[in-house]
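# Chain and residue survey
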Amino acid sequence: MKRSKKFLLAFLAMTLVFSALFAAVSCFQLNILKNNLSEKTVQIVANIKKSCPQISDVEIAEILNGRDTNTEEAKKTLEKYGITDLEWSVFENESAADMMILMNAVMCGVFCLIMCGAFIIYVRMRQRETKQITNYISRINNKEYDLSIEQNSEDEMSLLKNEVYKVTVMLREQADNSLTAKENLKNSLSDISHQLKTPITSIMIMVDNILDDDNMPVELRRDFMKDIRRETTGISFLVKSLLTLSRIDADTIEFKHKTESVNSIIKECVQRISVLAELKNVNIEVQPQNNINLDCDFKWVCEAITNIIKNCIEHTPAGGKVEIAASQNKIYTKISIKDNGCGIAAKDLPHIFERFYKGKNSREDSVGIGLALAKTIIEKSGGIVSVDSAEGRGSVFDIKFFPVI
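Basis of the calculations
Residues numbered from 1 in each chain as written. Predicted model: local features only at pLDDT ≥ 70, side-chain atom pairs only at ≥ 80, totals over all residues. Heavy atoms only, no water. Patch = residues over 30% accessible without salt bridge, like charges linked within 9 Å, V, L, I, M, F, W, Y side chains within 5 Å. Areas by Shrake-Rupley, 256 points an atom, 1.4 Å probe, with all protein chains shown as cover. Salt bridge = Lys/Arg side-chain N within 4 Å of Asp/Glu carboxyl O. Lys, Arg positive; Asp, Glu negative; His and termini not counted. Charge placed at Lys NZ, Arg CZ, Asp CG, Glu CD. Helix = DSSP H or I, 4+ residues; strand = E, 2+ residues; numbered from the N terminus. Expected span 1.5 Å × (residues − 1). Buried < 20%, exposed > 50% of the residue type's maximum accessible area, 1.4 Å probe, protein only. Axes fitted to C-alpha atoms, helices over the stretch in contact; angles between N-to-C directions. Parallel < 35°, antiparallel > 145°, perpendicular 65-115°, else oblique. Left-handed = near helix turned anticlockwise from the far one by under 90°. Contact = heavy atoms within 4.5 Å. Nonpolar A, V, L, I, M, F, W, Y, C, P; charged D, E, K, R; others polar. Core = buried A, V, L, I, M, F, W, Y, C linked by side-chain atoms within 4.5 Å. Bend = angle between axes of the 7 residues up to and from the residue. Polar contact = N/O pair within 3.5 Å; in protein donor to acceptor, adjacent residues only side chain to side chain. Phe/Tyr/Trp six-rings, centres within 6.5 Å; stacked < 30°, edge-to-face > 60°.

The grouping of Asp208, Asp212, Asp213 and Asp214 at the surface amounts to a negative patch. Of note, Asp208 is situated in helix H5 (residues 156–212).

For helix H8 (residues 298–314), which comprises 17 residues, the first-to-last C-alpha distance of 24 Å matches the rise-based estimate of 24 Å (1.5 Å per residue) to within 8%. With 14 of 17 residues buried, H8 is to be regarded as a mostly interior element.

Our next topic: the packing of helix H7 (residues 262–280) against H8. Packing of H7 against H8 leaves a shortest axis separation of 9 Å and a crossing angle of 30°. The pairing of H7 with H8 is recorded here as roughly parallel in orientation. Viewed along their axes, H7 and H8 form a crossing whose handedness is right-handed. In this structure, H7 contributes Ser264, Ile265, Glu268, Cys269, Arg272, Ile273, Leu276, Ala277 and Lys280 to the contact, and H8 contributes Phe298, Lys299, Val301, Cys302, Glu303, Ile305, Thr306, Ile309, Lys310, Ile313 and Glu314. Its residues placed into classes, the contact of H7 with H8 shows 11 nonpolar, 2 polar and 7 charged.

Of all hydrophobic cores here, the largest spans 47 residues; its most connected members are Ile305, Ile308, Ile337 and Phe397. Top element by residues in this core is H8. It accounts for 9 residues. Judged by nonpolar contacts, the second largest core, of 7 residues, contains Met206, Ile210, Ile228 and Ile235.

Time to look at H7. With 19 residues, H7 ought to run about 27 Å at 1.5 Å a step, and its terminal C-alpha atoms sit 26 Å apart, in line with that. Largest kink in H7: about 50°, centred on Ile273. Looking at H7, one finds that the buried residues are Val262, Ile265, Ile266, Cys269, Val270, Ile273 and Ala277. With a side-chain oxygen lying 3.3 Å from the backbone nitrogen of Asn263, the N-terminal cap of H7 falls on Ser261. Directly after H7, the chain includes Asn281, whose backbone phi takes a positive value near 60°.

Aromatic ring pairs are defined here through the distance separating the ring centres and the angle between the ring planes. Following the criterion strictly, the structure yields 3 aromatic pairs and no others. Relative to Phe402, the ring of Tyr332 lies with its centre 5.8 Å away and its plane at 70°, an arrangement referred to as edge-to-face. Highlighted residues: Tyr332 in the loop between strand S4 (321–328) and strand S5 (333–339) and Phe402 in the segment after strand S7 (395–401), separated in sequence by 70 residues. By relative accessible area, Phe402 is classed as partly exposed at 30%. For the ring pair Phe353 and Phe397, a centre distance of 6.4 Å and an interplane angle of 85° mean the geometry is edge-to-face. Pair noted here: Phe353 is in the loop between S5 and helix H9 (370–380) and Phe397 is in strand S7, with a separation of 44 residues, a long-range link.

We now examine the pattern of salt bridges. Counted under the stated rule, the structure contains 8 salt bridges. Glu260 serves as the salt-bridge partner of Lys258, at 3.9 Å between the closest nitrogen and oxygen. The exposure class assigned to Glu260 is buried, which follows from its relative accessible area of 13%. Notably, a salt bridge pairs Glu323 with Lys321, separated by 3.8 Å at the nearest N-O pair. Residue classification places Lys321 among the partly exposed residues on the basis of a relative accessible area of 31%. Through salt bridges with shared partners, one network takes in Glu268, Arg272 and Glu303.

Set out below in structure tokens:
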């Protein structure tokens, strides 16, 4: 506003200076014209006296000052002597010249007032728009993000409005994401507490039974110890997986990519899961593909693929099999893991990669985090994972790795 007032005062001063200068120039030009006309009039008077010596000086003065020249006879008389433009041939036009100068100054003043009025209207419009934007920003500071800016044009204030709107949309998305993250954290903590509560409760009950019965049979005590070991192993896996996920989410894990043999990756994964396959009596068939390499972090990719193979083995009945194959084209490298187990229900299929989700055919001791961890690692490694499954016909997991740019 202060700048606008200064600009308005400067504009008024410049207009006054311009008006005075214009009036002075007009006066100067008219004075020159008047002198020229005076000389012309003197010449006219001299010619009249020379041509018509009987005309008196009084009569010539009366004619030049416009008296009795409104009659047709007087006009014809003047025309006879070459005087055809009465308005420029009389001395009384000096007052008309002064009036013209005054009118020019007045017109400049009126123009100045009109421009000042237009400028004031413009400034007030800008003030309203600035106040509106200030109000928007104030509401944003109060975490009110339900704002919209409908008017759009190409001027600076509209561009500023658009930028404010973009910031509003970004902050609203961040606020929504924050609420979603808090809700997810709440649900995750609830799931984690539930996953930990059940095995810990079982462990405490079994430990109490062992401590309360000194004469407990050795076989029963051994069974309890096996159950405790199984539960503690599950807790250890859960804690390790949660820590890994939290590190990945926080971007504190650095994936070190280098060229690795796909056969070596599959071999390492099968070796890690071989004990579980033997216990479940599930056969693992690998279709080796030579000369297929993958640019990845060997450790983390093996972690992801192992979790998927483990899931397939757990859902395959005794005597079943899990097939692992690999292929490569110009776009991606694919690793397929196929089982002939119980399959995945249609309603569970869209959710199996969600954390802590347990489908219809999940085991009681499942924590629902293995596939979520695998998906996160694969995506962080520049790949995608998908599944095709139906109840009764097994599942096929396809992992596609794209070149790292």
